Amino acid sequence: MVRFPRRRRDRSLEQTAADPLLSVDRLTVRFGGLVAVADLDLDVEQGAIASLIGPNGAGKTTAFNCISGINRPTRGTVRLDGRRVARPFTPVAFWGIVAIGLLTGLLVAAVAIDIDGVWLAVVKRPMAAGEPPRAATLGRRLRSYFRWELAVDRLGASWRVVTPDGREVVAIRRSREDASRLRDALQAAVTARRAGPGTVPEATDFGDAADAVHAVDGEVLDRLAAGKRAIRLRGWTALAAGWLVGAAGGYAVWRRGRRSPEVVAAAGIARTFQNIRLFEGMTALENVRVGLDWGHRGSRRIDDPEQVATEILAKVGLAGEAGRRAGELAYGDRRRLEIARALATRPRLLLLDEPTAGMNPAETAAVAELIRQIRDSGVTVLLIEHHMQTVMRVSDRVSVLDHGVKIAEGTPREIRRDERVIKAYLGEAEA
Amino acid sequence: MAVPHDASASAGRRRRPVRWELPALVAAAVAPLLVPPLGGGLGGQVTILFIYAILALALNVMVGFTGILHLGIAALFGIGGYTAAILTVPTLPFGWPFAAAATAAVAVAAGAGLLLAAPTLRLRGDYLAIVTLGFGEVVKVALRNLEEITGGMQGLGPVPPPGAALEIGGIDLGREFVVDPRWFYWLALAALAAVVSGLRWLEGSRLGRAMAAVREDELAAAAVGVPVGRVKLAAFAISSAIAGLAGCLYVTSLSTTADPNTYDFQRSVLMLCAVILGGLGSIPGTLAGVAILVGFDTVLAPRADAWLQQVGLNTTGSSILSFSGWRLAVFGMVLIVMMRFRPEGLLPTRRGAGKLPPAAGNSEN
């Protein structure tokens, strides 16, 4: 096929129509050592019914699961209308990841800087001192905490000079004045140790409190002087590490969800399951409503979903069962309801995984007719089916898988005569 | 869900007519005027019952609506309570009015719920249950150890009554709330009514249907385009917000946060039992479950004790002869009998959600 550059393709309707709706390119899936699907190429034309057949374990359902986003392919791409089905990396996603990182960072930092101590320094200590914190003083108190400046706390009848988080007691005095004076002198000594002599008042400027300062071990003063550096280092490290972890986690989650089933469904590919998966506890109508509620994002808004849901149910022949619980329906009706729910998402491509499994000939014929009607209403169909008569009757094109490899492709008539296909199904003749 | 159960599909557009909610609400609202004991100690006990009903409804959003086994609802209850307490107690500088503090409690609890949910969205069944269990324990221990913020084992208090320092028409509301338990009764009832009607609306909404779809079959829901992650996040946020509201009311009605052990695993399990007893996913069922389990615990047991003493069967006050000494045994028996004869709960939903979330691996096709 001639490939046109995307720009040209967009302009010309005819070229778009000639492109396949679904194009699977070199799809490979490995489960451990087992190659379930190997280099599968598959194109489904717009408006066609295509079938995927093959013996049990050939990899049909695995291929389906990759197309519908349930399994992640080891390699290969799936395109709808020439575009890869995946959530784009939008600015919203970017800023979301940044924000998650920031939030994680702040949480980790809150632990690292001891949020309990911050609370004491900013809220409780001022309250105890009789000067309720105001917005104006908030900044000053926070700065003081992060400079690791000494503070005065009361415990019973005594006043204590403590580290700002209140966890280490440096000295104890009987009166508040004594404690405050000592605190100022100690703080001056500590700051001098940190910033070098001459930058702040010397401890000796504080009169008799200075003697008390000399009574404090030099090692303690050194440790207090190092406090500012330590808490800032802790805080920033925690913030950065938390940011990295959070952002990485956010990105990983976003990336894994890029091609999740809901993204595929929103792009316009719906599916049914080999082992019917209905919302058993909900009514038939509700099952269809869920499909209508979400489903294909690009399609038109529906004004009266209840009405549309009823119509869809009627289309698959379940008009009388709308109010019954899905789990109570007869087997054939359950299969039909699953198709109705998939149709309710207003798909462009419908993947049907063995829709006639376990049905009697009359039901099978009815489903074949339904599939044709779906195709006629403009939905392209890709079918997995074991019932050869149905496949041959409804399909425009058939692909045959065996052991994960596509062994034949063509019209039903060509497939029926293909020797490789016959061999795959019946085995080789002994003679 | 508000959907017709008769076959006529067109009726589905209308809501299911309100059958029991309104009469029940009216009855509960006028009861304190007619029944004198509700103006006394009994009124306070029934108020607590209402608050637990709100908490159980919060849990029902997770377990019943969305099918996520949540074992840490009490933690969100506690977060809401502590938030409200921090913002209102006179020993701290904030002193917010009750309505603002309640709003903040709801918001903070919802945020905490999102924080719990975001990293765990990909977990299913048992694994998620274990995470919520762990979350509950972590919050309890954090509440205990952040002593400056939460007051440690003493908790925070005194939490002022709603409407403190508020005068309307010459009535000092704050005083009224202290003197007359009926005020709080009505406040809790109004909150409960708001939550019930909100959840009724949720059940019939697009989001509610998506939650139900996720509960029924997560993979199939995703395959029809339901954004499973976002639906779960919404469920966590809604449930946590309601639990936060309950916590705020609880703390205000006790006028203290009590100690962090009030918000432990036992409370979560009691709520879970109430939801299961009443019928998973069913709003009237949840209310009935709470009325029976918590009502038994806080209203009936003390009364039975008093009666036993009165008739002279237990004059010494021994716990073996008292009724409340046996209440946990009765409690267990009731649950066992229920599970044997009516596993779907007392008032199950029509949709038959009456089963616990499936075990871990309900998964890949």
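Residues numbered from 1 in each chain as written. Chains lettered and ligands numbered in written order. Predicted model: local features only at pLDDT ≥ 70, side-chain atom pairs only at ≥ 80, totals over all residues.

(A) The interface of chain A and chain B, seen in detail. On the side of chain B, 38 residues touch chain A, which itself brings 44 residues to the contact. Of all the secondary-structure elements, those providing two or more residues to the side of chain A that touches chain B are α5 (115-128), α10 (261-267), β9 (269-271), α11 (284-293), α12 (305-315) and α13 (331-344) of chain A. In terms of residue class, the side of chain A that touches chain B is made up of 19 nonpolar, 13 polar and twelve charged. (Contact = placed C-beta atoms within 7 Å. Helix = DSSP H or I, 4+ residues; strand = E, 2+ residues; numbered from the N terminus. Nonpolar A, V, L, I, M, F, W, Y, C, P; charged D, E, K, R; others polar.)

(B) Quick look at the environment of Ala288 of chain B. All names here are of chain B. Its location among the elements puts Ala288 in helix α13 (residues 283-310). As for Ala288 and Ala164, which are separated by 124 residues in sequence, their C-alpha atoms are 33 Å apart. Once you skip the residues sitting within four places of it in the chain, Ala288 turns out to touch Gly278, Leu346 and Leu347.

(C) Broad picture of the sheet that holds strand β10 (residues 349-353) of chain A. Residues and elements named next belong to chain A. Strands sit in the order β9-β10-β11-β3-β12-β13 across an open sheet of six strands; the sheet is mixed. Every interior strand has two partners, whereas the edge strands, β9 and β13 (405-410), have only one. The average undirected angle you get between the axes of adjacent strands in this sheet is 20 degrees. Bridging between β9 and β10 involves three bridges; their strand directions are parallel. Bridge pairing links Arg271 to Leu351 in β10. The strands touched by helix α3 (residues 60-67) within the sheet are β3 (49-53), β9, β10, β11 (380-384) and β12 (397-402), with β10 carrying the most contacts at an inclination of about 150 degrees. (Pairing = 2+ DSSP bridges. Axes fitted to C-alpha atoms, helices over the stretch in contact; angles between N-to-C directions.)

(D) View of the domain arrangement of chain A. What the domain assignment lists for chain A is domain 1 (6-88 + 259-426) and domain 2 (95-248). Spacing between the C-alpha centres of domain 1 of chain A and domain 2 of chain A amounts to 66 Å. (Domains from an automatic or database assignment.)

(E) Summary view of the pairing of strand β6 (residues 151-155) of chain A. Residues and elements named next belong to chain A. As paired strands, β6 and strand β7 (residues 158-162) are joined by five bridges and run antiparallel to one another. Residue pairing in the sheet places Arg154 in a bridge with Trp159 of β7. Linkage of β6 to β7, two consecutive antiparallel strands, is achieved through a turn of two residues, within which Gly156 is found at a positive phi near 60 degrees.

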